[in-house]
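Single-letter residue listing:
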There are 2 protein chains.
Amino acid sequence: MADVDVIRQVLDGPWAELRQALRRDLDPDLFIPLDPENSLEEHRRDTTERLLRATEVISTHNVLEPSEPAKLVIASEMLGHANLSLFVKSGVQFGLFAGVIANLGTDRHRRDVLPKALDCSLLGCFAMTESDHGSDVQSLETTATYDPATDEIVITTPHPGAQKEYIGNAARDGRMAAVFAQLEVDGTNHGVHCILVPIRDEQGEALPGVWIGDCGAKMGLPGVDNGQLRFDAVRVPRTNLLDRYGTIGEDGTYSSPIDSHNRRFFTMLGTLVRGRISVGGAGAAAARSGLTLAVQHALGRRQFPNPLAGDEGELLLLDYQTHQLKLLPLIARSYALAAAQNELVGDLDRIERRRLESPELDDEHDRRELEARAAGLKAVQTRHTTDTLQICREACGGAGYMAVNRFAALKADTDVFTTFEGDNTVLLQLAGKALLTRYQTEVSDLDPVGIARFAARQVTGAMIERVGGSGLVQRLIARGRSREAESPLADRGGQLVLIEDRERHLLDTLAARMRSAPKDDPVAAAQVFNRCQDHLVATAEAHVERIALEALVEAVDEVGEPGAREVLDLVCDLFVHDLLHRHRAWYLEHGRISSGESKDVVRRRADLCAQLRPHAALLVEAFAIPAPWLTNELATA
Amino acid sequence: MADVDVIRQVLDGPWAELRQALRRDLDPDLFIPLDPENSLEEHRRDTTERLLRATEVISTHNVLEPSEPAKLVIASEMLGHANLSLFVKSGVQFGLFAGVIANLGTDRHRRDVLPKALDCSLLGCFAMTESDHGSDVQSLETTATYDPATDEIVITTPHPGAQKEYIGNAARDGRMAAVFAQLEVDGTNHGVHCILVPIRDEQGEALPGVWIGDCGAKMGLPGVDNGQLRFDAVRVPRTNLLDRYGTIGEDGTYSSPIDSHNRRFFTMLGTLVRGRISVGGAGAAAARSGLTLAVQHALGRRQFPNPLAGDEGELLLLDYQTHQLKLLPLIARSYALAAAQNELVGDLDRIERRRLESPELDDEHDRRELEARAAGLKAVQTRHTTDTLQICREACGGAGYMAVNRFAALKADTDVFTTFEGDNTVLLQLAGKALLTRYQTEVSDLDPVGIARFAARQVTGAMIERVGGSGLVQRLIARGRSREAESPLADRGGQLVLIEDRERHLLDTLAARMRSAPKDDPVAAAQVFNRCQDHLVATAEAHVERIALEALVEAVDEVGEPGAREVLDLVCDLFVHDLLHRHRAWYLEHGRISSGESKDVVRRRADLCAQLRPHAALLVEAFAIPAPWLTNELATA
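For every chain, the first residue of the written sequence is number 1, and numbering continues from 1 onward in sequence order. For this description, chains carry letters from A and ligands carry numbers from 1, given in the order in which they are written. Only residues with pLDDT of at least 70 are given local features in this predicted model, and only at 80 or more are side-chain atom pairs given and counted; all residues enter the totals for whole chains, interfaces and linings. As a rule here, side-chain values cover all heavy atoms of the structure and leave hydrogens and water aside.

Engineer: Which residues make up the relation of the copies chain B and chain A, and what values do they have?
Structural biologist: Our superposition of the copies is a least-squares fit, built on the C-alpha atoms of residues whose pLDDT is at least 70 in both. Between chain B and chain A, which share one sequence, the superposing operator has a rotation angle of 180° and an axial displacement of 0.0 Å; the RMSD is 0.0 Å. The superposition of one copy onto the other is thereby described by a two-fold rotation axis. When C-alpha positions in chain B are compared against the rotation axis, the closest is assigned to A585(B), at 2.1 Å. The overlap is high: 100% of the interface residues of chain B also sit at the interface in chain A, so the same surface is used on both sides. Working rule for contacts: check all heavy atoms of both residues, and any pair within 4.5 Å makes them a contact.

Engineer: Outline the environment of N226(B), listing residues and values.
Structural biologist: Residue and element names in this part refer to chain B. Going along the chain from the N terminus, every DSSP run of H or I of four or more residues is numbered as a helix, and every run of E of two or more is numbered as a strand. For N226, the location among the structural elements is in the loop between strand 7 (210-214) and strand 8 (227-231). Burial classification: accessible surface area is computed with a 1.4 Å probe over protein chains only, and a residue below 20% of its type maximum counts as buried, one above 50% as exposed, and the rest as partly exposed. In this structure N226 comes out as buried when scored by relative accessible area, which is 11%. A C-alpha to C-alpha distance of 31 Å links N226 and E541, two positions 315 residues apart in sequence.

Engineer: Explain helix 20 (residues 562-589) of chain A to me, using residue names and the numbers behind them.
Structural biologist: Residues and elements named next belong to chain A. The terminal C-alpha atoms of helix 20, which comprises 28 residues, lie 39 Å apart, in line with the 40 Å expected from a rise of 1.5 Å per residue. By definition, a residue's bend is the angle between the axes fitted to the seven residues ending there and the seven starting there. At H583, helix 20 is deflected by roughly 70°, the largest bend along its length. In terms of residue burial, helix 20 counts as a mostly covered element, since 21 of its 28 residues are buried. G591 sits one or two positions beyond helix 20 and adopts a positive phi of about 60°. The span expected for a helix works out to 1.5 Å for each residue beyond the first.

Engineer: Break down the interface of chain B and chain A for me, with residues and values.
Structural biologist: Listed per partner, the contact involves 78 residues of chain B and 78 residues of chain A. We define buried area as the total accessible area lost by two parts upon association, computed with a 1.4 Å probe and summed across both. Together, M219(B), Y401(B) and E589(B) form the three largest contributors to the area buried by chain B at its contact with chain A, with a combined 13%. Salt bridges, as used here, are contacts in which a Lys or Arg side-chain nitrogen is within 4 Å of a carboxyl oxygen on Asp or Glu. Where chain B meets chain A, there are eight salt bridges. One salt bridge in this structure joins R393(B) and D415(A), with 2.7 Å as the shortest N-O distance. Under this definition, polar contacts are N or O atom pairs within 3.5 Å; protein pairs additionally need one hydrogen-donor-capable and one acceptor-capable atom, and for neighbouring residues in sequence, both atoms have to be side-chain atoms. The interface formed by chain B and chain A holds 56 residue pairs in polar contact (both at pLDDT 80 or more) in total. If you tally residues by element for the side of chain B that touches chain A, the top one is helix 18 (residues 522-531) of chain B, at six residues.

Engineer: Give me the lowdown on the UniProt feature "domain: Acyl-CoA oxidase C-alpha1" (unreviewed entry) in chain A, citing residues and values where you can.
Structural biologist: UniProt positions are given in the numbering used here, feature names are shortened, and annotations may be inferred rather than shown by experiment. As recorded in UniProt, the sites labelled "domain: Acyl-CoA oxidase C-alpha1" (unreviewed entry) are residues 270-436 of chain A. Spanning residues 270-436 of chain A, this segment combines 73% helix with 4% strand, and its end C-alpha atoms are found 18 Å apart.

Engineer: Can you lay out the sheet that holds strand 4 (residues 164-167) of chain B for me, pointing to particular residues and giving the numbers?
Structural biologist: All names here are of chain B. Any two strands are treated as partners once DSSP identifies two or more bridges connecting them. Judged by pairing direction, the sheet is antiparallel, and its three strands sit side by side in the order 4-8-7 without closing on themselves. Across the chains shown, the open sheet's two edge strands, defined by having one partner strand only, are strand 4 and strand 7. Here the average twist between neighbouring strands, direction ignored, is 20°. Two elements, strand 4 and strand 8, share two bridges in a ladder whose sense is antiparallel. Looking at the pairing, K164 lines up with L229 of strand 8. For helices, the fitted axis covers only the stretch in contact; all axes are lines through C-alpha atoms, and the angles between them, taken along N-to-C directions, range from 0 to 180 degrees.

Engineer: Describe the packing of aromatic side chains, naming the residues involved and giving the relevant values.
Structural biologist: All names here are of chain A. Centres within 6.5 Å make a pair out of two Phe, Tyr or Trp rings, where for Trp the six-membered ring is used; the pair is then stacked when the planes are under 30 degrees apart, edge-to-face when over 60, and tilted otherwise. Overall, the coordinates contain 14 aromatic pairs over all chains when judged by the stated rule. Members of the aromatic cluster, connected to one another through ring pairs, are F87, F417 and F420. Charges are assigned to positions over rings by a cutoff of 6 Å between ring centre and Lys NZ or Arg CZ, combined with an angular limit of 35 degrees from the ring normal. Over the aromatic face of F623 sits the side chain of R288, whose NZ or CZ is 6.0 Å from the ring centroid.

Engineer: Residues and numbers for the side chain of R50(B), please.
Structural biologist: Residues and elements named next belong to chain B. Among the structural elements, R50 can be located in helix 3 (residues 40-60). A polar side-chain atom of R50 sits 2.8 Å from the main-chain carbonyl oxygen of I32. With sequence-adjacent residues up to four places away left out, R50 is seen in contact with D29, L30, F31, I32, L34, N83 and L86.

Engineer: Explain the pattern of salt bridges to me, and be specific about the residues and the numbers.
Structural biologist: Residue and element names in this part refer to chain A. The full count for this structure, using the stated rule, is 106 salt bridges over all chains. For R110, the salt bridge identified is with D107, shortest N-O distance 3.5 Å. Of this pair, R110 and D107 both sit in helix 6 (residues 107-112), separated by three residues, roughly a single helical turn. Classification of R110 as partly exposed rests on a relative accessible area of 33%. Through salt bridges with shared partners, one network takes in D5, R8, D12, R19, R23, E77 and R288.

Engineer: For the nonpolar core, give the residues involved together with the corresponding values.
Structural biologist: Core analysis: the largest hydrophobic core is formed by 337 residues, its most contacted members being Y335(A) and Y335(B). Not counting residues within four places of it along the chain, the set of residues in contact with Y335(A) comprises I7(A), L11(A), L552(A), L568(A), V571(A), L619(A), A622(A) and F623(A). Nonpolar cores were defined as sets of buried Ala, Val, Leu, Ile, Met, Phe, Trp, Tyr and Cys residues, with membership established by side-chain atoms within 4.5 Å.

Engineer: Account for the state of the cysteines, naming residues and giving values.
Structural biologist: Residue and element names in this part refer to chain A. When the sulfur atoms of two cysteines come within 2.5 Å, that pair is taken as a disulfide. Inspection of the entire model under this criterion finds zero disulfides over all chains. Cysteine C215 is unpaired, with the sulfur of C125 as its nearest cysteine sulfur at 11 Å. No disulfide involves C396; its nearest neighbouring cysteine sulfur is the one of C392, lying 6.9 Å away.

Engineer: Let's hear about the packing of helix 16 (residues 472-482) of chain A against helix 19 (residues 533-557) of chain A: which residues, and what values?
Structural biologist: Residues and elements named next belong to chain A. Running from N to C, helix 16 and helix 19 cross one another at 105°; their axes reach a closest spacing of 10 Å. The angle between helix 16 and helix 19 places the two elements in the roughly perpendicular class. Residue-level contacts link L472, V473 and L476 of helix 16 to E550, V553, E554 and D557 of helix 19. Considered class by class, the residues forming the contact of helix 16 with helix 19 number four nonpolar, no polar and three charged. Here the word oblique covers every angle except those under 35 degrees (roughly parallel), over 145 (roughly antiparallel) and from 65 to 115 (roughly perpendicular). When residue character is reported, Ala, Val, Leu, Ile, Met, Phe, Trp, Tyr, Cys and Pro are called nonpolar, Asp, Glu, Lys and Arg charged, and the others, Gly included, polar.

Engineer: Which residues make up the environment of S289(B), and what values do they have?
Structural biologist: Residues and elements named next belong to chain B. Looking at the element boundaries, S289 is found in helix 9 (residues 273-298). Considering only alpha carbons, one finds S289 and H81, 208 residues apart in sequence, at a separation of 5.7 Å. Only 2.6 Å separates the side chain of S289 from the backbone oxygen of H81, close enough to count as a polar contact.

Engineer: I'd love a proper account of helix 19 (residues 533-557) of chain B, names of residues and values included.
Structural biologist: Owing to its 3.6 residues per turn, the α-helix brings residues three or four apart onto one side. Helix length check: helix 19 of chain B, at 25 residues, gives a terminal C-alpha distance of 36 Å against a target of 36 Å (1.5 Å per residue), a fit within 8%. Of all 25 residues that make up helix 19 of chain B, 22 are buried, and the element is covered over most of its length.

Engineer: Help me get a handle on the sheet that holds strand 4 (residues 164-167) of chain A, residues and values and all.
Structural biologist: Residues and elements named next belong to chain A. With antiparallel pairing, the three strands of this open sheet are ordered in space as 4-8-7. Because the sheet does not close on itself, it has two edges, and the strands there are strand 4 and strand 7 (210-214). Within the sheet, the average angular offset between the axes of one strand and its neighbour, ignoring direction, is 20°.

Engineer: Tell me about the confidence of the model for chain A, residues and numbers included.
Structural biologist: Overall, the prediction assigns chain A a mean pLDDT of 93, with 95% of residues at 70 or greater. Confidence of the predictor at the level of single residues is given by pLDDT, which spans 0 to 100. When the criterion is pLDDT under 50, residues 456-462 of chain A qualifies, and its contacts beyond four places in sequence or with other chains add up to twelve contacts.

Engineer: So what's going on with a negative patch on the surface? Residues and values would help.
Structural biologist: There is a patch of like negative charges on the surface, built from D35(A), E37(A), E42(A), D35(B), E37(B) and E42(B). Position of E37(B) relative to the elements: it lies in the loop between helix 2 (16-25) and helix 3. Note on patches: the residues involved have over 30% relative accessible area and no salt bridge, like charges join within 9 Å, and the nonpolar side chains Val, Leu, Ile, Met, Phe, Trp and Tyr join within 5 Å. Each accessible area is a Shrake-Rupley estimate made with a 1.4 Å probe; only the visible protein chains count as cover when residues are assessed. When charges are counted, Lys and Arg are positive and Asp and Glu negative, with His and the chain ends excluded. Lys charges are placed at NZ, Arg charges at CZ, Asp charges at CG and Glu charges at CD.

Engineer: Lay out unusual backbone geometry in plain terms, naming residues and giving numbers.
Structural biologist: All names here are of chain B. The backbone of L221 sits at a positive phi, close to 50°, despite the residue not being glycine. With respect to the helices and strands, L221 occurs in the loop between strand 7 and strand 8. Using a relative accessible area of 3% as the deciding quantity, one classes L221 as buried. Despite not being glycine, A624 shows a phi value in the positive range, around 60°. With respect to the secondary-structure elements, A624 resides in the segment after helix 23 (616-621). Relative accessible area serves as the criterion here: at 14%, A624 is assigned to the buried category.

Engineer: Lay out the environment of H535(A) in plain terms, naming residues and giving numbers.
Structural biologist: Residues and elements named next belong to chain A. Within the secondary structure, H535 sits in helix 19. A relative accessible area of 12% means that H535 is categorised as buried. Sequence spacing of H535 and T509 is 26 residues, and the spatial spacing of their C-alpha atoms is 8.9 Å. Discounting chain neighbours no more than four positions away, the residues touching H535 are L506, T509, L510 and R513. A polar atom in the side chain of H535 sits 3.0 Å from the side chain of R513.

Next up, the structure:
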């Protein structure tokens, strides 16, 4: 029998120790479901209290240390298992509010404000989104105008559509907001910048010129006090500008280390990548909670007399093929996404540490890569969250519909993840465009023959940036390509080649279509781009899925224990076959597999589910979600 | 420009007049969202009050007349647009409680109890599901034992797992329950029967021997008071047995017009088919509400500067290809499902009326057909509901997450539809088995050559029972088959052939696999059946989709007005291409289309979305959901 701890460590990755410590130290009371009968005010008060209690615990594990950028993401995953209001509340406070101070501020902000944000003595908001502009934050309309007469910045909401919208911590708790606004100095617009604006006094009353609204009831996240903010010529000192990438000197002149508005804006946004990574991680954690509940239920509940049940008479839900097909591919996907998340958090950690050590370093390439991957993985993970919780709820039938059994909150609370911290469709396009930019930079000057040669070269990894540094995937792929005679499906290398081929072909053809857009006709070009949107999204998804597979292959390769290794290899096989199953129409359309092989994929996927059925309990046990965090009344084995 | 009324009438079908009357007469106050801040008790009280008010209105339109079986389904659709608690509450009272009295009772029940159920002076429960048995209701464990000494029936819950579970109207309002239990007379079990059992006195207190629990908060449907019931030797008069299909005479002996337990049970269940049809209809109606909101939002909100926006600067959401691909195929599918629902309700109406007129008629074939179709269509419609509302919510971004914008309730309330009134996976298997049974009855004695001939014959409709009586589909298919040279995709007949071929091939191969199960080894046979579950489910879905397409083709064919006809033909084209897109892997695997044709499907589907884009407002306007029923704060054009 495979050892559950060995498998758990594969999922826990480099942060196994911190995860275990948090599993031990986070009080199960933090995860007691909010009573659905409570009022919004009670939910909010309760969540704020829990935030303060959780802060004490995570502080003892250095989760909030700016020098430990990955730890907050890991702690977020832990909260994401079972209290999403608390996850979002802490994400707003630490990830967004404290994060923007740490990342866009300079020494005085880090010295004077940051500590109060980190110990929760100053609760704050991250005021970016406006009613009229959510996805397109570069077009925000709130203005921040420097007034040299008083050495102040004047914050104004020019019209109702420019009010800050859905702002967490705004409706009840926030005392200060980090407000994104168009900065104007001496009549010149310098693009979107972030300014710290006090919004409430000590007694919690809105300050003069600040109007605060309440978004009221939402689909979920009742513990988060989302609200609206409007500013009527609110004045703050010049030094409240978070001025790392653009400052106003004592002489009242603007200066920035980055000339282009556009680049400056995206550099600022880029430093906020951790929030997106946290949402993806918390969403994936919630999906693992759902799978844990659904598998336990399916191993505890019997229905219909069936000869396969032997003396028990009625068969366990998980022994039905349809039930296995619902849950096991999602478990395999959860494993792959967890591995990809660990890789991504590792990249974040490396890049952020390097920046802290050598702030002058030009790491733009790495940061862009990180941002693109974070955008893509967040989209794929949160889609997985929504899909998984839906299927798990249904797999628990009527019991899954009762609030006491957790799905109501898990589903409703995570539902917004597909559209906040970036709408998934927009994020996938962003990730796709990043792939395309890199591609076009490298091939732009090639003629068709050169492009063909270039495409061939990609096989060796010139274009495809691989996960992990071990070279394992490279070696497997080389082996996969060399054995063309055998079925590509049976061999890990062959599988990797198939998955990678799809990404590469999608990118090649996408680039070709984009190049066909007329250079001198913006409308016609926009039409071409618009018609390529689905292609762009598919390319980004293929990229993320390839990355996830490689991460899983790398993680599994480190397992020596034969029992665990065998189970994990099956998980890897199932993930591959589930990917091929999802995309087999594409593989057939593009002659990558025969119709016989495609039917094999359908069959093998079902067979792999049956092979993993005996390990289902083990696979969810390795998610290592403390049972007291997930109290419920579902049938359990 | 196409006339919206012409298109509306296609959707409204034969009940256009009743629908219009209800749109006019149902007070918009019935659809004001329940305040999320209210307590469960307030939600329940409010919903009960609305039930009484709605009852007055629908009574004036003869919706509750037993002689008008279809009208309640139509009224349910109307409630389903915007108040699902009210839909379920009235469904429990009229569809289930009154329905079971009308269908399983005899004259004295219809005379003494039914009128009180229909005027809501007696609120009642439908107590079928038990904690341990939901899908497998034939294994219910509550007992009803006839005691000749007192001429009473004794109702007992033998253990906690046999308690009645999730019972609507139980926790607060119900005074009487229609309890399904194993009937035992003189030591012999006669299978599941239904008995009327008073559960509360006039003051609302539980009667002696009756224990009533409260399911408390659920994911949604806060206005429905679901509860549990346990019976400790509760005695009711013998005449409380609803005894149409099995009675206990004054001499204390049991008799039934149906010998087999099994057949008797399924005959009883079959009479309850209307509930399932109502749930499918209400779910589809809720999906149309979601699409209405999402399209209005996508035509009111602009995001990102884009050359295609001209002077407006920023482009409307619905002008983005990804947004069109999200919403328009779901609109087309909604049209097809609405047409199929109209067909199904028409069948129900015909069969029920015939039964009322000639109760002695043997209509088992027709009833089985109706039940199978109802099961399949309910599953496909409610899947569509959940998928559609999810996509529509996301298409409205953060605004879609706010309770005020209706998706929170629409999603949460309808979520249970995929598993109540029959779990969708179980229902599809039921529908698939019905297809298989008919198939095997007709082919069981054939040798392989005979089977091949039989398969060929099916083309002319021997096996495939078609929708509608006009012969139109038949003619189109014959024409489609005769022009093999042209692309099958461009011609309606060719499209119908493609869609039908899939159903037929799935059924042929399913039957072959099932036949391969060893007759003399139940365990080995059960293994074969288990491995065919996904095949069975796919066959049933293919059947429903084919039925839906035929229903849409028939409905569209009645439209003479050229503008409306053109739009509806595009809708039909898009539905076909969306079906082919979903299943194109299958078509490729089975050599039905070439890889070039498959790529064409992908392209054409996107093109059809773009072609329908200018008609999007019209298409949702034709859903004819009164605006005051759907108050919201989304951006609107």
